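# Chains, contacts and geometry: an overview
Spelled out, the chains give:
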Amino acid sequence: MNTMPEASAEVYDLLIIGGGVNGCGIARDAAGRGYTVALAEMNDLASATSSASTKLFHGGLRYLEYFEFRLVREALIERETLLQAMPHISWPMRFVLPYHEDMRFESETPTSKMLSAVMPWMRGRRPAWLIRLGLFLYDHLGTHNILPGTSTIDLRTDPAGKVLQSRFEKAFEYSDCWVEDSRLVVLNARDAERLGARIMPRTEVVDAERGSDHWTVHLRDSETGATQSLEAKAVVNAAGPWVESVVRSKLGLDAKEGVRLVRGSHIVTRKLFDHDKCYFFQGEDGRIIFAIPYENDFTLIGTTDQEHDGKPSEAACTPEERDYLCEFASRYFETPVTPDDIVWTYSGVRPLYDDGASSATAATRDYVLSLNTDDGAPLLSVFGGKITTYRRLAESALEKLADYFPGKTGDWTAGKTLPGGDFPVDGFERLVESLAAAHPYLEPRQARRLVRAYGTEAEVMLRGKTSAADLGRDFGAGLTETEVNWLMEHEYAATAEDVVWRRSKLGLRLPEETIADLALWMKNKRKAGNGKIAAE
């Protein structure tokens, strides 16, 4: 049987299973504290839930209705911490919440139940004062030095009202942040590797044996089938939707906690409005969806909340979910949204902690960290969580493990930038101007996209390039050989899908035949032995 090359004979402190935002966030934090870390991901980094989110750093306004004040406060505080660490892939956005007094909602949240008990005539309503109270809490539960607070706008005169039905005359406007989710994961992995971690995408955990003071973990290369084993003093199970099955089938243990798989589907449509604000729409079923400017020329609408019974890897937006999102948005937009407007759909499975809630919508979004030390070395399993709190989750995970690793340093990631993020939050336009001036052969749109993706590292990528010809082959939509080389050598990209759907969203602009050409080019490059992935 083929074997993978051994990194060393050392016993790692941590073996992390899962290359999503939680796994890579823990790897980065741990490596920065002096832990020796190995991370195994069976596919590409961010290949599941972490690339299929609504792409927001947000406090979770609707979670206030479930009295999840701790989660909301933590997330609200984190927004600005994260924004300052990655101003290239995250930026502030304003959200418009239209209101009409005749709106009715089916809702079984703790807030609605309390309101119905105290004011029975308000059953089925979400009155303006209640929304304003929620937004007041949203503004004040966490600090905000960068993001402006809530305001009320007149939709009859504000540009945000132009595309809405005329019955909506009033709206509340508040702040949250956008984030490029899959790039967030890769940047955490890169920084973890810079700090000494061993990052192994396309490496599946086959099984493991638990000893009194360490684990022996058997790995298999997902592409070649080559195998290797390594030892670690503790295992962190951050496998997302697979967290429970890893405990049972890979590690051979009984899972004391359960995971609730909830599918969130999104549709991407043609551009539905010409401003840069987002919409927060409330549904009569008690749910909410967002309509968000996306990749300059599109609108992102989502998400659904559906129980998912199949394999997490097979999650897809169903025709019913597609129609639900179209009909939901059409209750607000003057021009109905139809399936003909859709250019792409995607779906991910959220691995929520199974708290016994009556519905997928009501299930907690908070995270639970389960530490198992029964008869041997520690196993820490991560259940639930949301992208906004990934950094705090990592801190909490290492706090759980601290007693087993005396002498390690403490929390450090707050205020530390991710690769390419070492510029001010308000410095994006200046960085674009600087890159365009240094490389005048770049198209304006191309320069903006490169800074959005790579921040200050865009200049590093282009160092020594003096003309468009120096960038090598042009694959279309501004994607060049130079950029693909960077992604393969620095960002673990191995396939065209990695490049056009996770490291970027250029798949929205490139025809299938071009993506096929890119796939062949990358395959040949790897065969030739070039690039980090091939070298490993």
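Residues numbered from 1 in each chain as written. Predicted model: local features only at pLDDT ≥ 70, side-chain atom pairs only at ≥ 80, totals over all residues. Heavy atoms only, no water.

### Looking at the overall build of the protein
Each helix and strand in the protein was counted, giving 15 helices and 20 strands. Relative to the 2.2 N^0.38 estimate, which gives 24 Å for 536 residues, the radius of gyration of the protein is 23 Å and therefore close to what a compact globule would have. Dimensions of the protein, computed from C-alpha atoms along their principal axes, come out at roughly 70 × 60 × 40 Å. Within the span of the protein, comprising 536 residues, buried residues form 60% of the whole. Sequence-distant contacts in the protein: of pairs separated by 6 or more residues, those separated by 24 or more amount to 72%. In the structure as shown, the protein presents an accessible area of about 21,900 Å², 50% of it carried by carbon and sulfur atoms. Both charge centroids of the protein, one from 63 positive and one from 80 negative side chains, sit 2 Å from each other. (Helix = DSSP H or I, 4+ residues; strand = E, 2+ residues; numbered from the N terminus. Rg over C-alpha atoms; globule rule 2.2 N^0.38 Å. Buried < 20%, exposed > 50% of the residue type's maximum accessible area, 1.4 Å probe, protein only. Contact = heavy atoms within 4.5 Å. Areas by Shrake-Rupley, 256 points an atom, 1.4 Å probe, with all protein chains shown as cover. Lys, Arg positive; Asp, Glu negative; His and termini not counted. Charge placed at Lys NZ, Arg CZ, Asp CG, Glu CD.)

### Considering the environment of isoleucine 153
Within the secondary structure, isoleucine 153 is located in strand β5 (residues 151-154). With residues near it in sequence (within four places) discarded, isoleucine 153 still touches Val96, Asp158, Ala160, Glu169, Lys170, Ala171 and Glu173.

### Regarding the packing of aromatic side chains
Evaluated as defined, the whole model comprises 23 aromatic pairs. Judged by centre distance (4.9 Å) and plane angle (10°), the ring pair of phenylalanine 168 and tyrosine 332 falls under stacked. With phenylalanine 168 in the loop between β5 and β6 (170-179) and tyrosine 332 in the loop between α7 (319-330) and β16 (342-353), this residue pair connects regions lying 164 residues apart in the sequence. Here phenylalanine 168 and tyrosine 332 have matching classes, each one buried. Taken together, the aromatic side chains of Phe168, Phe273, Tyr279, Phe281, Tyr332 and Phe333 make up a single cluster linked through ring pairs. Between the NZ or CZ atom of arginine 331 and the centre of the ring of phenylalanine 328, over which it lies, the distance is 5.7 Å. (Phe/Tyr/Trp six-rings, centres within 6.5 Å; stacked < 30°, edge-to-face > 60°. Lys NZ or Arg CZ within 6 Å of the ring centre and 35° of its normal.)

### What to know about unusual backbone geometry
Negative phi values dominate among residues other than glycine, just as trans dominates among peptide bonds. That bond from glycine 302 to threonine 303 is cis: its omega, 15°, falls within 30 degrees of zero. With respect to the helices and strands, the residue threonine 303 is situated in the loop between β14 (298-302) and β15 (306-307). Unusually for a residue other than glycine, asparagine 296 sits at a positive phi of about 70°. The topology assignment puts asparagine 296 in the loop between β13 (288-294) and β14.

Remember, this is a structural readout, not a statement about activity or role.
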